[in-house]
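Descriptive structure summary
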Amino acid sequence: MATKTEVPGIAIITGAASGMGRATALAFAVAGATGFALLDLNEAGLAETKTLVSKAHPSARVETYKCDVTQESSVISAYTSAKEAFSRIDYAVHCAGIVTFQGPSADCTLEAFDHQNNVNYRGLWLCAREALRNMRTQSLDTEAYPDADIPPHRAQRGSIVNISSGLALHSQSGIPAYCGAKAGVTAITRSDALDYATQRVRVNSVLPGVVDSPMTNPSPEIRQWMYDNPVKKATPMRRFGLPEEIADVCVFLSGNKASFVTGACWSVDGGFCAGYSYE
Ligand SMILES: NC(=O)c1ccc[n+]([C@@H]2O[C@H](COP(=O)([O-])OP(=O)(O)OC[C@H]3O[C@@H](n4cnc5c(N)ncnc54)[C@H](O)[C@@H]3O)[C@@H](O)[C@H]2O)c1
């Protein structure tokens with residue numbers, strides 16, 4: 001039997017000021033989540049996302065937290081504040097990330113390598129650790145949301161989605177630290193999935209392909225390069241993905257309809273990781 005409400009609980013989302021993080025917040029709003037803890041470094045972007053979410057779901061409670069995922073104290077503070085505000089955290093989607101074109105390994109500085117990893121891998125793990133610390137001890141959602149009619153076999157304490165990248169599976173030249181960090185995200189996702197499966201916390205990763213977001217559009221020249229290369233040459237569907245196409249998968253994976261999915265890497269990439277496609 002399917003569940004009545006797709007996501008009846010509280011969502012915490014990092015990178016919520018922009019791109020896929022913002023789109024994920026909006027997708028949760030449309031799907032009926034009742035509380036939002038939105039985290040990012042960018043406070044102005046967070047305020048814009050809050051306005052959009054409130055418009056999409058006027059009765060939802062939305063809180064924003066300035067958070068730098070590279071700083072342990074900042075992450076702990078944001079997750080603790082969210083837990084105090086909402087009493088529980090049901091869904092965590094970790095989107096915060098950066099890409100820097102640091103060059104091939106022989107040309108890559110230690111600072112550039114560390115910065116990529118501190119945000120994309122270590123920072124994501126700091127967030128996942130706080131989410132797990134909260135989720136593993138809270139009640140099942142069947143108890144927290146009795147009106148949602150969640151079948152007992154689909155009950156969960158929480159669900160985490162970690163945003164990795166298609167580049168975790170297919171590397172791209174010139175950005176070794178990014179590729180390595182994203183591969184690390186898929187590995188730590190599987191590891192956490194194993195450790196918390198019996199406690200009914202599910203942990204999955206999503207591997208986006210080339211998505212039209214501020215990350216891929218820092219200038220018209222770079223956007224054109226992205227279109228001419230990874231989109232036209234390596235994406236079988238020959239188009240950019242849209243942030244909402246990633247967001248919808250994150251919401252599905254978070255909710256009880258995905259109750260038997262854990263430790264998975266979900267490619268959402270127009271075929272990018274499926275193989276080569278010649279015209
Ligand atoms: N855009 C793509 O083509 C693409 C493809 C594959 C994977 N990804 C991944 O998807 C995720 C979202 O990317 P996006 O395209 O939405 O990018 P984006 O630049 O639009 O959003 C990233 C957000 O992360 C925030 N952020 C950066 N550093 C932070 C820090 N230290 N602490 C807190 N927040 C921080 C930024 O402020 C921004 O709001 C990233 O992890 C990215 O690596 C993107």
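Residues numbered from 1 in each chain as written. Predicted model: local features only at pLDDT ≥ 70, side-chain atom pairs only at ≥ 80, totals over all residues. Heavy atoms only, no water.

Going by what an unreviewed UniProt entry lists, the protein is known as 3-oxoacyl-[acyl-carrier protein] reductase and is assigned to Cladophialophora yegresii CBS 114405.

1. Some words on the side chain of Thr 186
Put simply, the rule reads: The secondary structure listing takes helices from DSSP runs of H or I that are at least 4 residues long and strands from runs of E that are at least 2 residues long, numbered from the N terminus. Each residue is placed in one exposure class: buried if its accessible area under a 1.4 Å probe, protein chains only, is under 20% of its type's maximum, exposed if it is over 50%, and partly exposed if it falls in between. Note on contacts: a residue pair qualifies if any of its non-hydrogen atoms lie within 4.5 Å across the two residues.
Inspection of the secondary structure puts Thr 186 in helix H6 (residues 176-196). Since its relative accessible area comes to 5%, Thr 186 is described here as buried. In this structure Thr 186 touches Ser 164, Ala 168, Ser 205, Leu 207 and Cys 265, once residues within four positions along its chain are discounted.

2. Observations concerning the pattern of salt bridges
Rules: In what follows, salt bridge is the name for a side-chain nitrogen of Lys or Arg lying within 4 Å of a carboxyl oxygen of Asp or Glu.
Counted by the stated rule, this structure contains 8 salt bridges. Between Glu 72 and Arg 129 there is a salt bridge, with its nearest N and O atoms 2.6 Å apart. Taken as a pair, Glu 72 in helix H3 (residues 72-86) and Arg 129 in helix H4 (residues 110-135) lie far apart in primary sequence, 57 residues in all. The partly exposed category is assigned to Glu 72, whose relative accessible area is 40%. Residues joined in a network through salt bridges with shared partners are Glu 72, Arg 129, Glu 130 and Arg 133.

3. Here we look at the site of the ligand
Test applied: Summary of the distance rule: residues count as near a molecule or strand when at least one heavy atom falls within 4 Å of that molecule or strand. In protein, a polar contact requires one atom able to donate a hydrogen and another able to accept it; more generally it is a pair of N or O atoms within 3.5 Å, and residues adjacent in sequence count only if both atoms are side-chain atoms. Only the protein chains shown count as cover for residues, and the accessible areas themselves come from Shrake-Rupley with a 1.4 Å probe. In this count, Pro and Cys sit with the nonpolar residues alongside Ala, Val, Leu, Ile, Met, Phe, Trp and Tyr, while Asp, Glu, Lys and Arg are called charged and the others, Gly among them, polar.
In the vicinity of the ligand lie 29 residues, with Ser 18, Met 20, Asp 40, Tyr 178 and Ser 213 positioned nearest. Note that a nitrogen atom of the ligand is positioned 3.4 Å from one of the backbone N or O atoms of Cys 67. One nitrogen or oxygen atom from the main chain of Gly 97 is found 3.4 Å from an oxygen atom belonging to the ligand. With the chains in place, 91% of the 830 Å² that the ligand exposes on its own is no longer accessible. At the level of elements, helix H1 (19-31) and H6 are the ones that each hand at least two residues to the shell around the ligand. Of the residues belonging to the shell around the ligand, the class tally is 16 nonpolar, 10 polar and 3 charged.

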